[in-house]
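Understanding the architecture of this molecule
This is what each chain is made of:
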Amino acid sequence: MDMERGIITPAMEIVSNGDSLSMRGGIPPEKCRYYALYWDKVVVTDSNIFGTGLSDDLQVLEGAGIVRKDTARMNLNGTFNGSDLASIHFQGLAEIATNLTNKNPGQWAIHQSGDQLTVPASMSKDLVTADFELTRCLPVPKPDFPLDRLLEFKLKRADELIALRTTLDELYLEISKSADIPRSKIVQIQRLEQAISDLDKIAQQSWGERLLASRKVSLDLNYGSMTNGVVTAGLVGAAFANPLAGILAGAAHTLASSLKFEVSLSNQLQSPQGKQLELSYISSIKKEDIANKY
């Protein structure tokens with residue numbers, strides 16, 4: 001696929017508990033670097049209810065054509081408590097994501113800022129998804145690594161980054177096509193291990209120290225050719241009780257311990273359903289494990 005790939009992510013994390021709201025900060029510097037490295041475009045969303053300025057890092061990335069900010073303009077008439085305001089805000093963020101995914105299916109996925117997806121009930125649906133998780137595999141520069149050097153790295157190392165993306169795309173497609181794990185997936189996983197290893201080696205040479213990101217993607221199993229296009233909740237848990245474990249013993253054993261793959265029923269934004277494979281991401285970035293993985 002040649003098209004540019006992007007994520008849509010909230011400018012600020014807002015957690016709503018009953019009538020009270022807690023605001024967490026904006027996008028931390030290591031997340032800015034992670035987003036900029038692994039995606040072509042990042043749309044940062046806010047609303048006229050809770051507006052957020054772009055941090056210095058995000059402004060640099062905006063200047064480089066990677067980041068742009070979309071603000072949802074919501075009508076406010078009447079009196080609202082904090083929780084109403086949060087709902088209207090989330091509605092606005094979901095509308096931006098819906099418009100983007102409707103316009104260019106397959107180009108955009110939601111990237112959640114917290115550890116779960118926040119989508120208004122009216123715009124979401126429980127879908128059967130394959131959740132594919134890579135734990136502490138993806139190299140990320142440290143928070144103080146200069147962004148101009150990161151952008152230079154991205155340009156110079158485009159081949160390695162594209163190889164990783166292509167391998168992931170192929171693996172996701174394989175996962176979506178079949179409920180069991182045929183040999184082709186083992187080959188894909190070995191290729192994925194190679195792609196991550198190649199990228200990690202050059203990252204360490206270029207950056208010195210690095211952090212490692214974990215990423216979980218939810219794949220829409222109703223996309224593609226599974227069971228005539230309708231996947232039922234009957235698949236959840238059962239058919240996919242981590243089939244990678246047995247197969248990979250003795251195959252890609254170093255990466256196998258970092259892969260998790262399960263089918264679940266998850267609440268996702270409704271608009272991209274059936275039109276694209278990747279629905280949403282959740283990532284976390286940790287300091288490197290002391291024992292080097294490769």
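Further up the page is the structure itself.
Residues numbered from 1 in each chain as written. Predicted model: local features only at pLDDT ≥ 70, side-chain atom pairs only at ≥ 80, totals over all residues. Heavy atoms only, no water.

1. Quick look at the side chain of Ser 283
Going by this rule: Helix and strand definitions follow DSSP, with helices as H or I runs of at least four residues and strands as E runs of at least two, each counted in order from the N terminus. Under this definition, polar contacts are N or O atom pairs within 3.5 Å; protein pairs additionally need one hydrogen-donor-capable and one acceptor-capable atom, and for neighbouring residues in sequence, both atoms have to be side-chain atoms. Contacts are assigned to residue pairs that have any heavy atoms within 4.5 Å of one another.
Along the chain, the position of Ser 283 falls in strand β10 (residues 278–286). In this structure the side chain of Ser 283 is engaged in a polar contact, spanning 2.8 Å, whose partner is the side chain of His 111. Here Ser 283 is in contact with Lys 31, Tyr 34, His 111, Ser 214 and Arg 215, once residues within four sequence places are set aside.

2. What to know about the environment of Gln 204
Defined as follows: Type-normalised accessible area, obtained with a 1.4 Å probe on protein chains alone, sets the label of each residue: buried when under 20%, exposed when over 50%, and partly exposed for intermediate values.
By the secondary structure assignment, Gln 204 is in helix α6 (residues 183–207). A relative accessible area of 30% means that Gln 204 is categorised as partly exposed. When the C-alpha atoms of Gln 204 and Val 140 are compared, they prove to be 9.8 Å apart, with 64 residues separating the residues in sequence.

3. Some points on empty space enclosed by the protein
Using the following cut-off: With a 1 Å grid spanning the protein atoms alone, the term cavity applies to any set of points in which a 1.4 Å probe fits but cannot get out, the term pocket to an open set with protein on both sides within 12 Å along at least five of seven lines, and the term lining residue to any residue with an atom within 4 Å of a point. Grid points are joined across faces, edges and corners, and a volume is the space filled by probe spheres set on the points. Residue type decides the class: Asp, Glu, Lys and Arg count as charged, Ala, Val, Leu, Ile, Met, Phe, Trp, Tyr, Cys and Pro as nonpolar, and the leftover types, Gly among them, as polar.
This model, assessed by the stated rule, comprises one cavity of 30 Å³ or more. Computed from the structure, the largest cavity encloses a volume of approximately 30 Å³. Along its surface, the largest cavity is lined by Ile 110, Leu 117, Gln 268, Leu 269, Pro 272, Leu 279 and Ser 280. In terms of residue class, the lining of the largest cavity is made up of five nonpolar, two polar and no charged.

4. Structural notes on helix α2 (residues 56–63)
Defined as follows: In this context, the arc is that of the directions from the helix axis out to the C-beta atoms.
Among all positions in α2, only Asp 57, Leu 58 and Leu 61 are buried. On an axial view of α2, the arc spanned by its buried residues comes to 95°, and they lie on one face. Exposed residues lying more than 90 degrees from the buried face of α2 are Asp 56 and Gly 63. Buried residues along α2 sit in contact with α1 (29–38), β4 (41–47), β5 (67–72) and α4 (147–156). Positioned one or two residues after α2, Gly 65 has a phi angle of 80°, which is positive.

5. Description of the nonpolar core
Our working rule: For our purposes a nonpolar core is just a set of buried Ala, Val, Leu, Ile, Met, Phe, Trp, Tyr and Cys residues, chained together by side-chain atoms within 4.5 Å.
Membership of the largest hydrophobic core comes to 54 residues, with the highest contact counts inside it found for Tyr 34, Tyr 38, Phe 132, Leu 134 and Leu 164. A total of eight residues in this core trace back to one element, the largest contributor, which is α6. Among the nonpolar cores identified, the runner-up in size contains 20 residues, and Ile 49, Phe 90, Trp 108 and Ile 110 belong to it.

6. Digging into the layout of surface pockets
In this structure, the largest pocket spans a volume of roughly 890 Å³. If you go around the largest pocket, you meet 38 residues; those closest to its centre are Met 3, Arg 5, Asp 40, Arg 165 and Asp 169. Broken down by secondary-structure element, the contributors of at least two residues to the lining of the largest pocket are α1, β6 (108–111), α4, α5 (158–177) and β10. Element by element, the count of residues in the lining of the largest pocket is highest for α5, at 11 residues.

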